[in-house]
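Structural overview for review
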Amino acid sequence: MTDQVAYGVAALAVAVALFAGWHMYRRLEFSNPLFYAVAVLEVVLVVVLVGGCIALGRTSRDVDGVLFVSYLVSMVAIPPAAVLWGIAEKSRWGTGVVVVAMLSVAVLTVRVLDIWKGTYA
């Protein structure tokens, strides 16, 4: 996991969170463009999961593999759960859940980078 990948994914997650926040501010329900934005993020997260697992298998670093992979899997699991919740909740708070979930993905991405570098506490 490189800095560019981690910060790029985090920036994408923040961008989706801002888009969902705009939906929430405008009191819009969960829309197709928001769904597509989360879907793009999900595809990127699946690629990061696969790439992270491959990198973990090839590295000679002292990385806590279980913790690293569990964070990667959590990052992949959060967006679909947020989408289901956002679609089910017809008020503006449905998109509010998506905002919180995307910000969580951004934080988890930076945390995964810390785990990869071995600088986590």
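Check the entry above for the structure.
Predicted, not measured: the structure shown is a model, and the values here were computed from it. (Residues numbered from 1 in each chain as written. Predicted model: local features only at pLDDT ≥ 70, side-chain atom pairs only at ≥ 80, totals over all residues. Heavy atoms only, no water.)

Contact pair helix H1 (residues 3-25) / helix H2 (residues 32-58): the axes reach a minimum separation of 10 Å and the direction vectors enclose 165°. Relative to H2, the element H1 is oriented roughly antiparallel. Crossing handedness for the pair H1 and H2: left-handed. Contact residues: H1 offers Val5, Val9, Leu12, Ala13, Val16, Phe19, Ala20 and His23, while H2 offers Pro33, Leu34, Ala37, Val38, Leu41, Val44, Leu45 and Val48. Of the residues that constitute the contact of H1 with H2, the class distribution is 15 nonpolar, one polar and no charged. (Axes fitted to C-alpha atoms, helices over the stretch in contact; angles between N-to-C directions. Helix = DSSP H or I, 4+ residues; strand = E, 2+ residues; numbered from the N terminus. Parallel < 35°, antiparallel > 145°, perpendicular 65-115°, else oblique. Left-handed = near helix turned anticlockwise from the far one by under 90°. Contact = heavy atoms within 4.5 Å. Nonpolar A, V, L, I, M, F, W, Y, C, P; charged D, E, K, R; others polar.)

On the secondary structure map, Val105 appears in helix H4 (residues 92-117). According to the relative accessible area criterion, Val105 is buried, its value standing at 0%. Separated by 96 residues in sequence, Val105 and Val9 have C-alpha atoms that sit 8.7 Å apart. For Val105, the contacting residues outside a window of four places in its chain are Ala13, Leu41, Leu45, Met75, Ile78 and Pro79. (Buried < 20%, exposed > 50% of the residue type's maximum accessible area, 1.4 Å probe, protein only.)

Mapped onto the elements of the fold, Thr95 is located in helix H4. Aside from chain neighbours lying at most four places away, what touches Thr95 is Ala20, His23, Met24, Leu28, Glu29, Phe30 and Leu34.

By themselves, these observations are geometric and do not establish any function.
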